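Secondary and tertiary structure notes
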Protein chains: 4
Amino acid sequence: MRTDRKKVVIGVMGGGTIAEKDRDAAYRLGSLVARQGWILLNGGRPSGIMEASAKGARDCGGTTVGILPGTDPASASEYVDIRICTGMGDARNVINVLSSDVVIACPGSAGTISELAIALKSRKKVILLNFDVGALFDQYAREGLLTRAETPEEAIESVKDFLTKTGR
Amino acid sequence: MRTDRKKVVIGVMGGGTIAEKDRDAAYRLGSLVARQGWILLNGGRPSGIMEASAKGARDCGGTTVGILPGTDPASASEYVDIRICTGMGDARNVINVLSSDVVIACPGSAGTISELAIALKSRKKVILLNFDVGALFDQYAREGLLTRAETPEEAIESVKDFLTKTGR
Amino acid sequence: MRTDRKKVVIGVMGGGTIAEKDRDAAYRLGSLVARQGWILLNGGRPSGIMEASAKGARDCGGTTVGILPGTDPASASEYVDIRICTGMGDARNVINVLSSDVVIACPGSAGTISELAIALKSRKKVILLNFDVGALFDQYAREGLLTRAETPEEAIESVKDFLTKTGR
Amino acid sequence: MRTDRKKVVIGVMGGGTIAEKDRDAAYRLGSLVARQGWILLNGGRPSGIMEASAKGARDCGGTTVGILPGTDPASASEYVDIRICTGMGDARNVINVLSSDVVIACPGSAGTISELAIALKSRKKVILLNFDVGALFDQYAREGLLTRAETPEEAIESVKDFLTKTGR
């Protein structure tokens, strides 16, 4: 009997302060992740992409994991089920990335960029969802490690392709 | 409508190399944690107290979270559902403790002692389950932060008392 | 009597695999940092910008500090005097940045980008030395937090201006 | 020509709130460490064993390194030369230990105990200076990894023995 029920974990990164259309996309992304039976993991805070994606996943019955910068579980979004308190500030960004099978980076600022940079350095698959980072990570795009998506649906397809290719 | 469904998280700490009776107690502790509807959190590795407590929780339909020292989710016990990869070695002990509402310390060695020391320093409730640490943390015992239990059942009662007192 | 002799700490970030001209610039930068009586701090490893900048500082009698990803002090560049072993992998990038008064980013790849992103998020002054990051951090450039330099000498002038302005 | 001038690093751990005689011993210990030409490393804060040992080392012309829990270098003791800001709270205890060649543990509470536990787990030599930890770490004492000293002078002799034996 197979007892290992490790689920696919999708890390959804993105800014705390965001445009309405990015919020909508993050919500939809979260709901699609949940419908696939995948776990949604993010930075846990009650704002921006984090809150929207967690709400989307929760509304579709998904499981949400938040890796918090602080020590207080009550600082998490109410839509986060599993609250990991690191007390390590931005060093928790590394944990976000390492704990994800695939990272989807929504629009954000310096914090989000640090996460996708560490993800690529750690050889994680990264999908940019409507997040323009210029030519900065082109070497990873050429390798196929970094891809772009214009809609949450497209991002999900990209994850599925990756999981199939890597035999998951 | 209340959307916050944050569950109580019980951190179960203890050694990787342990006696048979401690393994049995850890398994029973895990199953009791799951039956209460609490989440079991531990260090995630496939050995000792970690493996036994995760298996106990899993066998009773519980959710298990493992905070791993390394970067590879496959290094986790098969009984761990949510695998947090820190890549931080023993610094992850701090995360184990901060992410738990109550810490139950089973017999272990230096690693387990570091966890209960950090837990007490962080003002977390700690229950020693058949783990004799001498007089080392007596000041915390006098405050009621550190208590002792002889059976998993007693440890669970102690957690319930604590949760009632703190209004959880 | 003033006993506080905290020196200015300059974090020099940059890639492990680099072009010859960037190596030369990093060496010169290190030597100029030392001549100012500043401490040079970097990621500690014996390659690329890290090794070159540490050697430059050392050759001019400076003090060099390396924040290592691993646990073995012997993994450091021989030009690093103070070896901090974190055992935390890339999470040490956050420590590099937080421990520096000013960060100078030389050409590098994803690791270096993660460091300058975290630096800017932490509101640290960052100087890009011949490192083209496109328009990605333009909001910080507009605030004056991020500036550009074409030579090590120019970078040093930029640090001095910043220290004067902030009363150091 | 040998360019590696890595000095021996002695980690001095101990409580923030301490008895007068322990403060005196920590000061003397710091001054003896400096006279040996060793670097003194501690938790960096301006209290207890940390402050006293750093002052002792500084007064004898030594170099002092402080690994701070927070992000502000100004939170360090004035006697700390090199201030490493981790922003990681108690997770910095692991860095204290990993960065030291030998750990000397002076009287302290839970934080100090966590440090000596992690040190022993990491197979570091630990010397207890008038710090009674009961029988808790006896297995390490039997291996010779943990030894006891009653005076700073005795602790220094113990460090020298260890360095000789390990060919340093």
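First things first, this report covers the structure right here in the doc. (Residues numbered from 1 in each chain as written. Chains lettered and ligands numbered in written order. Predicted model: local features only at pLDDT ≥ 70, side-chain atom pairs only at ≥ 80, totals over all residues. Heavy atoms only, no water.)

Take the overall build of chain A next. Scanning chain A for helices and strands turns up six helices and seven strands. Sequence-ordered secondary structure for chain A, helices as α and strands as β, is β-α-β-α-β-β-α-β-α-β-α-β-α. At 15 Å, chain A has a C-alpha radius of gyration in line with the 15 Å of a compact globule built from 168 residues. Principal-axis analysis of the C-alpha atoms gives chain A an extent of 45 × 40 × 30 Å. Residue burial in chain A is summarised as follows: out of 168 residues, 62% are buried. Within chain A, counting contacts between residues at least 6 apart in sequence, those at least 24 apart form 55% of the total. In the structure as shown, chain A presents an accessible area of about 6100 Å², 48% of it carried by carbon and sulfur atoms. Measuring between centres, the 22 positive side-chain charges of chain A sit 6 Å from its 20 negative side-chain charges. (Helix = DSSP H or I, 4+ residues; strand = E, 2+ residues; numbered from the N terminus. Rg over C-alpha atoms; globule rule 2.2 N^0.38 Å. Buried < 20%, exposed > 50% of the residue type's maximum accessible area, 1.4 Å probe, protein only. Contact = heavy atoms within 4.5 Å. Areas by Shrake-Rupley, 256 points an atom, 1.4 Å probe, with all protein chains shown as cover. Lys, Arg positive; Asp, Glu negative; His and termini not counted. Charge placed at Lys NZ, Arg CZ, Asp CG, Glu CD.)

This part is about the packing of aromatic side chains. Residues and elements named next belong to chain B. For the structure shown, the criterion picks out one aromatic pair over all chains. A centroid spacing of 6.5 Å and a plane angle of 50° characterise the contact between F137 and Y140, whose relative ring orientation is tilted. Take F137: its relative accessible area is 1%, and that puts it in the buried class. (Phe/Tyr/Trp six-rings, centres within 6.5 Å; stacked < 30°, edge-to-face > 60°.)

What follows concerns the relation of the copies chain A and chain B. Structural alignment of chain A on chain B gives an RMSD of 0.0 Å, achieved by rotating through 180° and translating 0.0 Å along the axis. Taken together, the rotation and translation relating the two chain copies correspond to the operation of a two-fold axis. A share of 100% of the interface residues of chain A reappears at the interface of chain B, consistent with the copies meeting face to face through the same patch. (Least-squares fit on C-alpha atoms with pLDDT ≥ 70 in both.)

On to the sheet that holds strand β7 (residues 146-149) of chain C, then. Residues and elements named next belong to chain C. As summarised here, the arrangement of the seven strands in space is β4-β3-β2-β1-β5-β6-β7, forming an open sheet in which the pairing is parallel. With one partner strand each, in any of the chains shown, β4 (82-85) and β7 form the two edges of the open sheet. Strand-to-strand twist in this sheet, taken as the mean axis angle between neighbours without regard to direction, amounts to 25°. Pairing between strand β3 (residues 64-68) and β4: four bridges, direction parallel. For G66, the partnering residue across the bridge sits in β4 and is R83. On top of the sheet, helix α1 (residues 20-35) reaches β1 (9-13), β2 (39-42), β5 (102-105) and β6 (125-129); it is set at about 140° to β2, its chief contact. Across the sheet, helix α4 (residues 110-121) lies against β1, β5, β6 and β7, angled at about 150° from β6, the strand it touches most. (Pairing = 2+ DSSP bridges. Axes fitted to C-alpha atoms, helices over the stretch in contact; angles between N-to-C directions.)

What follows concerns the interface of chain A and chain B. Often the size quoted for an interface is simply the accessible area lost on bringing the parts together. Taken together, the contacts link 27 residues of chain A with 27 residues of chain B. Counting each side, the surface lost to burial between chain A and chain B is near 2400 Å², with a carbon and sulfur contribution of 59%. Where chain A touches chain B, the interface holds zero salt bridges. The tally of links between chain A and chain B comes to two residue pairs in polar contact (both at pLDDT 80 or more). Every element with two or more residues in the side of chain A that touches chain B is listed here: β2 (39-42), β3 (64-68), β4 (82-85) and α3 (92-98) of chain A. The leading source of residues in the side of chain A that touches chain B is β4(A), at four residues. (Buried area = accessible area lost by both parts, 1.4 Å probe. Salt bridge = Lys/Arg side-chain N within 4 Å of Asp/Glu carboxyl O. Polar contact = N/O pair within 3.5 Å; in protein donor to acceptor, adjacent residues only side chain to side chain.)

Moving on, we get to the sheet that holds strand β5 (residues 102-105) of chain D. Residue and element names in this part refer to chain D. Strand order in the open sheet formed by seven strands is β4-β3-β2-β1-β5-β6-β7, with parallel pairing between adjacent strands. Both outer strands of the open sheet, β4 (82-85) and β7 (146-149), are each paired with one neighbouring strand and no more. Neighbour-to-neighbour, the strand axes of the sheet open up by a mean angle of 25°, direction not taken into account. Across the face of the sheet, helix α4 (residues 110-121) comes into contact with β1 (9-13), β5, β6 (125-129) and β7 while running at roughly 150° to β6. In the packing of helix α6 (residues 152-165) onto the sheet, contacts are made with β1, β5, β6 and β7, and the angle to β6 comes to roughly 170°.

Superposing chain C onto chain B takes a rotation of 180° plus a shift of 0.0 Å along the axis, which leaves an RMSD of 0.0 Å. Most of the interface of chain C is mirrored in chain B: 100% of its interface residues are interface residues there too.

With that settled, the discussion passes to the nonpolar core. By size, the foremost hydrophobic cluster in this structure holds 152 residues, and its most contacted members are A:F137, B:F137, C:F137 and D:F137. If we skip the residues at most four places from it in the chain, A:F137 touches A:I113, A:L116, A:A117, A:L120, A:L146, C:A110 and C:I113. (Core = buried A, V, L, I, M, F, W, Y, C linked by side-chain atoms within 4.5 Å.)

With that out of the way, let us pick up the pattern of salt bridges. Residue and element names in this part refer to chain A. In the structure shown here, the tally under the stated rule is 39 salt bridges over all chains. K6 is the salt-bridge partner of D101, the closest N and O atoms lying 2.9 Å from each other. One end of the pair, D101, is in the loop between α3 and β5 (102-105); the other, K6, is in the segment before β1 (9-13), and 95 residues separate them in sequence. Here D101 falls in the buried class, since its relative accessible area comes to 10%. Here K6 falls in the partly exposed class, since its relative accessible area comes to 23%. Across the salt bridge formed by E157 and K160, the nearest N and O atoms sit 3.6 Å from each other. Of the two residues, E157 and K160 both sit in helix α6 (residues 152-165), three residues apart, roughly one turn of that helix.

This next bit is on the interface of chain C and chain B. Tallying the contact residues gives four residues for chain C and four residues for chain B. For the pairing of chain C and chain B, the buried interface totals around 230 Å² over both sides, and the portion due to carbon and sulfur atoms is 65%. For the chain C face of the interface with chain B, the top three residues by lost area are C:G87, C:M88 and C:A91, together amounting to 95%. Our count for the chain C to chain B interface comes out at zero salt bridges. Scanning the region where chain C abuts chain B turns up zero residue pairs in polar contact (both at pLDDT 80 or more). The residue inventory of the side of chain C that touches chain B, partitioned by class, reads two nonpolar, two polar and no charged. (Nonpolar A, V, L, I, M, F, W, Y, C, P; charged D, E, K, R; others polar.)

What follows concerns the pairing of strand β6 (residues 125-129) of chain B. Residues and elements named next belong to chain B. Counting buried positions along β6 yields five of five residues, so the element is predominantly enclosed. Judged from the four bridges that link them, strand β5 (residues 102-105) and β6 form a sheet pairing that is parallel. Paired with A105 across the bridge in β6 is L128. A crossover connection joins β5 to the parallel β6 through helix α4 (residues 110-121); in handedness this β-α-β unit is right-handed. Bridge count between β6 and strand β7 (residues 146-149): four bridges; the pairing is parallel. From the neighbouring strand, L129 faces β7, where its bridge partner is A149. (Right-handed = clockwise from strand over helix to strand, strands pointing away.)

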